[in-house]
Amino acid sequence: MMTEQAMLAQLQNSLSPHRFTHSLGVMETAVRLAKVYLADVPRCRLAGMLHDCAKGLGQSDMLKLIERQGISLYRGEESYPGLLHAPAGAALAKEQYGVSDEEVLSAIRKHTLGAPQMSLIDDIIFVSDFIEPNREPFEGLEEVRKAAFEDLNRAKVLCRAHTARYCEQRGLPVFSF
Ligand SMILES: [Fe+2]
Ligand SMILES: [Fe+2]
């Protein structure tokens, strides 16, 4: 695996400044939540840092990565380019950043839609992505931020409801697995 410094340099090179700042925010938020919920801090830090690492790639590159790394997609997921950066991110973290830790890869893979089975680390990254300090404000964000440090599961439920509303408003399918 690369050093953290090398990873950050590579990440900064492959993302827009806005997306890179967001990634740092998710990394820091994930560390704070990991301390509250006694999760593995280095894993949360790494997953938070790299969760959007594939965001700068085009659709065909993402699909190639996913196929090469044998990551299975949810039904319908391949039709929505905006969703592919999560499975592609797990593939890229493995292939280009040398991450082999399955718990870290799982959190990256599940960060956008969630999944039927989620670990504590998965939950922390999922929620951190919503509440990091640089996040564009949305209705209910302050409530999620507060809930995140008191009741992670409630925060997750609020995030999922927000995602479902977002999808409904745009005529996208709501993934409920
Ligand atoms: Fe993302
Ligand atoms: Fe993100």
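Structural notes, computed from the coordinates. (Residues numbered from 1 in each chain as written. Chains lettered and ligands numbered in written order. Predicted model: local features only at pLDDT ≥ 70, side-chain atom pairs only at ≥ 80, totals over all residues. Heavy atoms only, no water.)

Some words on the packing of helix 7 (residues 120-131) against helix 9 (residues 152-169)
Running from N to C, helix 7 and helix 9 point in directions that differ by 55 degrees, and their axes come no closer than 10 Å. Comparing the axis directions of helix 7 and helix 9 gives the class oblique. Here helix 7 runs over helix 9; the crossing is left-handed. Taken together, the residues of helix 9 that come into contact with helix 7 (itself represented by Leu120, Asp123, Ile124, Phe126, Val127 and Phe130) are Leu152, Ala155, Lys156, Cys159, Arg160, His162 and Thr163. (Axes fitted to C-alpha atoms, helices over the stretch in contact; angles between N-to-C directions. Helix = DSSP H or I, 4+ residues; strand = E, 2+ residues; numbered from the N terminus. Parallel < 35°, antiparallel > 145°, perpendicular 65-115°, else oblique. Left-handed = near helix turned anticlockwise from the far one by under 90°. Contact = heavy atoms within 4.5 Å.)

Observations concerning the packing of aromatic side chains
What the rule picks out here adds up to two aromatic pairs. With a centroid separation of 5.8 Å and 55 degrees between ring planes, the pair formed by phenylalanine 126 and phenylalanine 130 is classed as tilted. One end of the pair, phenylalanine 126, and the other, phenylalanine 130, are both in helix 7, four residues apart, so they sit about a helical turn from each other. Given a relative accessible area of 1%, phenylalanine 126 falls into the buried group. Classification of phenylalanine 130 by relative accessible area gives buried; the value is 6%. With a centroid separation of 5.9 Å and an interplanar angle of 80 degrees, the aromatic rings of phenylalanine 130 and phenylalanine 138 are classed as edge-to-face. This pair shows no difference in class: phenylalanine 130 is buried, exactly as phenylalanine 138 is. (Phe/Tyr/Trp six-rings, centres within 6.5 Å; stacked < 30°, edge-to-face > 60°. Buried < 20%, exposed > 50% of the residue type's maximum accessible area, 1.4 Å probe, protein only.)

Quick notes on the coordination of the iron ion (ligand 2)
All of the protein donors around the iron ion (ligand 2) are His22 (NE2), His51 (NE2), Asp52 (OD) and Asp129 (OD); their distances to the metal are 2.2 to 2.3 Å. Around the iron ion (ligand 2), the four donor atoms are arranged such that angles at the metal cover 82 to 172 degrees; this shape is classified as irregular. The sequence pattern describing where the donors of the iron ion (ligand 2) fall on their chain is H-x28-H-D-x76-D. Here the iron ion (ligand 2) and the iron ion (ligand 1) are spaced 3.4 Å apart, linked through aspartate 52, which binds each one. (Donors = N, O, S within 2.8 Å, 3.2 Å for Na, K, Ca; no water. Tetrahedral: all angles 85-135°; square planar, octahedral: opposite > 155°, others 65-115°.)

Brief notes about the packing of helix 4 (residues 59-68) against helix 5 (residues 81-95)
Helix 5 packs onto helix 4 with a crossing angle of 50 degrees between their chain directions and a minimal axis gap of 8 Å. What the angle tells us is that helix 4 and helix 5 run oblique. Between helix 4 and helix 5 the crossing geometry is left-handed. Here helix 4 contributes Gln59, Met62, Leu63, Leu65, Ile66 and Arg68 to the contact with helix 5, which in turn contributes Pro81, Leu84, His85, Pro87, Ala88, Ala91, Leu92 and Glu95. Residue composition of the contact of helix 4 with helix 5, by class: 10 nonpolar, two polar and two charged. (Nonpolar A, V, L, I, M, F, W, Y, C, P; charged D, E, K, R; others polar.)

Concerning the pattern of salt bridges
Applying the stated rule across the entire model yields 13 salt bridges. Here aspartate 123 and lysine 156 are joined by a salt bridge, their closest N and O atoms 2.9 Å apart. Placement of the pair is aspartate 123 in helix 7 and lysine 156 in helix 9, with a sequence separation of 33 residues. Look at lysine 156 and you get buried, because its relative accessible area is 11%. Across the pair arginine 154 and glutamate 143 runs a salt bridge, and its minimum N-O distance is 3.2 Å. On the criterion of sequence distance, the pair formed by arginine 154 in helix 9 and glutamate 143 in helix 8 (residues 141-148) is long-range, its members being 11 residues apart. (Salt bridge = Lys/Arg side-chain N within 4 Å of Asp/Glu carboxyl O.)

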